[in-house]
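Each chain is listed here by its residues.
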Amino acid sequence: MVALTINGEHVKVPGGTSIMDAAKEVHINIPHLCYLEGLEPYGACRVCVVEVEGERRLIPSCIREVSEGMKVHTHSARVRHARRMLIELLLANHPEDCFTCERNQKCELLKLAYEICVGDVRFEGEKPSFELDETSPSIIRDPNKCVLCGRCIRVCHDVQTVRVIGFANRGPETKVVTLLENGLGNVECTNCGQCIHVCPVGAIKERSCVDEVWTALEDPKKHVVVQEAPAIRAALGEELGLPVGTLVAGKMHAALKRLGFDVVFDTNFAADLTIMEEGNELVGRITGKIKKPLPQFTSCSPGWIKFMEHFYPELMENVSTCKSPQQMFGPLSKTYYAEKTGIDPEKVVSVSVMPCTAKKFEAQRAEMTDSGYQDVDYVLTTRELARMIKEAGIDFLTLPDEPAEPLMGMYTGAATIFGATGGVMEAALRTAYKLVTGRELESLDIKPVRGMDGVKTATVDVDGLEVKVAVAHGLGNARKLLNETKAGKSPYHFIEIMACPGGCVGGGGQPYGFDMAARAIRGEVLYKEDKELTLRRSHENPSIKKVYDDFLGKPLGKKSHKLLHTKYTKREMT
Amino acid sequence: MKSEGLRHAWKPKVDGIIRELGKTRNALLPCLEAVQQEAGCIPQEAITYLRETIEVPSVDIYGVITFYGMLTTEKQGKYVIRVCDSLPCYLNGSREIIEALEDELGMNGRDTTPDGMFTLERVACLGLCDKAPAMIINEEIHGDLNAEKVRGIIGMKKKEECGWKGYY
């Protein structure tokens, strides 16, 4: 243990602790900007400087470790003065469009400027006028707002190991760029959107389609259907004034009806459908009826799929051919639903609400047109939906709970846990067990695949056959399982991969923040909903039975193959 | 893109450096210098080749290229003229030197002459403060400059080239 004093208070902390962490022991949260819990400290912004007696310079507390006898002052006049000046210098170069900025009310820079009492900005800086990076269908970068904290680079390199953004130039010319400034749409960006979560300002945001959706809703000739991913119901409330961990499935459906959607369905229905297809595919691979390699990888996370296509194309055959729930729902909305109701599919506008920025890319993939139209027309993130609800003046908190339309909106507990890491695995096992043994799995909670560990494994006894499974969330974690598989050493039958840490509850379209505790709570909300539902196995969903009886035939059948399965493309590395 | 390094003159040099320094980030800067010297710029194939061999992300390689003034992804002229723009040279009239060069070469705001012969760059201190104002042309040092001297030097270079490039 190392003994030091912080603001005159004695404190003992383990060696290697940063001054910033040690200060928490004496109830001080040192203001900071480039530091973010969950990322390697970087020491770039200098906002977290403190005074250490005997040292001439101010010390960045996020990267300096404590030492024996150190005397630290966290808010002396010199420190406060320096912090104010640093923020003033940042503000001098920052665009002054806070009113219309995406991060209005959620900007860390604005909050810091207020909290550390920046009075007026004494400097006149050069307001940059860089071109926006609008090459990606999912993410827009505005280098003019960038404060060069490097958080996006650290999350892209260290957490996701995608490594497509970095610093270029030096000194005042420094800028966050992609290779040769080709833009996110032209490099191996997976569109996961974790960079959006860590950006302290409005320099990275989703490509919004709120206006397009409003236009469709107001067009009397259009019939607008909507689906919402499992993870939305666990997070939407946060954007609308409810605490983290509030399940808002019923209010969400009610709000969508009031926004003017012609029919409100639920992606959870499609998640159950995914399990029927993917579970059968898994059983087929295990029994050898389907001549494809094991382990089978899940395919619901479009960030993971694009990552695989760039970085691990040799594992393409291992990836389930099942489309993601969003993309199973899309074609059904323009075939099955249109047929049932006699609506011209040409008039159907299929909107999805997703916790995900990569879903915007997925919806635009050329092969996602199996209905004869673009299967999913618009993808809104959780944040975009929340803004629409606010714009419409809907009093979300007092809304009644309303169900989704059962035809493509009824769901089981297996579907709702898709939103949390390990959920797809658990849901698939519940159905695969039945498919193999003809009996129902007794204990439905498969606890070893739950929770926030980066890689989780379990062995499930299916009538003497030991089915080995693994789950990874966050692409950096996924690499361990992928490299093992590539080397031919994977002992697993089935592997679930989600691009985002925490799974979809931590997706790039969710309420801002890189807070793993909040993501874990959102996950627990979904497990709770699962527990409370009467039906907890996908194959028990009456609407699923109906769609097979009335339209699809059987899982992996001809129609299923056409509408619900897909193929992948090897993509270049830049 | 799979690299086609075999066709490139820089490849043997780069391979030699990697053999010596290992497949690590340490080899990156020497490799980039070698490519710059051999090819006059760092082409995308070289970035790809380095990414594949020393396993540094392309965007990091690009970051290093843009950090150093001596490295560039744009094709440079046969003669790269680097004029010091730092304080001692500035005080001794580097503005005049730059103007004379721009005029003599007909730069019109370009970095490289249309015939690909000359590239003009303003750079930070060359360490030639005792000879301020100073410039280097490729690796050749020219100091104690004035406008007249600069015109003379450029005139000589053009003459050297006139046999096959049609100067004069």
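Residues numbered from 1 in each chain as written. Chains lettered and ligands numbered in written order. Predicted model: local features only at pLDDT ≥ 70, side-chain atom pairs only at ≥ 80, totals over all residues. Heavy atoms only, no water.

## As for the domain arrangement of chain A
Residues and elements named next belong to chain A.
Right, on to step 1. Domain boundaries in chain A define domain 1 (2-88), domain 2 (139-207) and domain 3 (219-564).
Right, on to step 2. Each partner contributes to the interface: domain 2 provides 20 residues, whereas domain 3 provides 29 residues.
Right, on to step 3. Roughly 1,800 Å² of surface becomes buried between domain 2 and domain 3 when both sides are summed, with 54% attributable to carbon and sulfur atoms.
Right, on to step 4. Among the residues of domain 2 in contact with domain 3, N191, H197 and E206 are the three that bury the most area, contributing 33% of the side total.
Right, on to step 5. Joining domain 2 to domain 3, the criterion identifies one salt bridge.
Right, on to step 6. In this structure, E206 engages R383 in a salt bridge whose closest nitrogen and oxygen atoms are separated by 3.3 Å.
Right, on to step 7. For the pair domain 2 and domain 3, the number of links is 17 residue pairs in polar contact (both at pLDDT 80 or more).
Right, on to step 8. Residue assignment for the side of domain 2 that touches domain 3 shows that the elements contributing at least two residues are α4 (151-159) and α5 (194-198).
Right, on to step 9. Looking at the side of domain 2 that touches domain 3 residue by residue, the class counts come to nine nonpolar, seven polar and four charged. (Domains from an automatic or database assignment. Contact = heavy atoms within 4.5 Å. Buried area = accessible area lost by both parts, 1.4 Å probe. Salt bridge = Lys/Arg side-chain N within 4 Å of Asp/Glu carboxyl O. Polar contact = N/O pair within 3.5 Å; in protein donor to acceptor, adjacent residues only side chain to side chain. Helix = DSSP H or I, 4+ residues; strand = E, 2+ residues; numbered from the N terminus. Nonpolar A, V, L, I, M, F, W, Y, C, P; charged D, E, K, R; others polar.)

## Remarks on the sheet that holds strand β11 (residues 263-264) of chain A
Residue and element names in this part refer to chain A.
Right, on to step 1. With parallel pairing, the four strands of this open sheet are ordered in space as β11-β10-β13-β14. In this open sheet, the two edge strands, each paired with only one partner strand, are β11 and β14 (378-381).
Right, on to step 2. Of the pairings in the sheet, the one linking strand β10 (residues 223-228) to β11 comprises two bridges and is parallel in character. The residue of β11 that forms the bridge with V226 is V264. (Pairing = 2+ DSSP bridges.)

## Observations regarding the interface of chain B and chain A
Size of an interface: often given as the accessible area lost when the parts come together.
Right, on to step 1. On the side of chain A, 17 residues touch chain B, which itself brings 14 residues to the contact.
Right, on to step 2. Roughly 1,300 Å² is buried in total at the junction of chain B and chain A, and carbon and sulfur atoms are behind 59% of that figure.
Right, on to step 3. Where chain B meets chain A, there are zero salt bridges.
Right, on to step 4. For the pair chain B and chain A, the number of links is four residue pairs in polar contact (both at pLDDT 80 or more).
Right, on to step 5. Looking at the side of chain B that touches chain A, the elements that each hand over two or more residues are α3 (44-54) and α4 (58-67) of chain B.
Right, on to step 6. Looking at the side of chain B that touches chain A, the element that brings in the most residues is α4 of chain B, giving seven residues.

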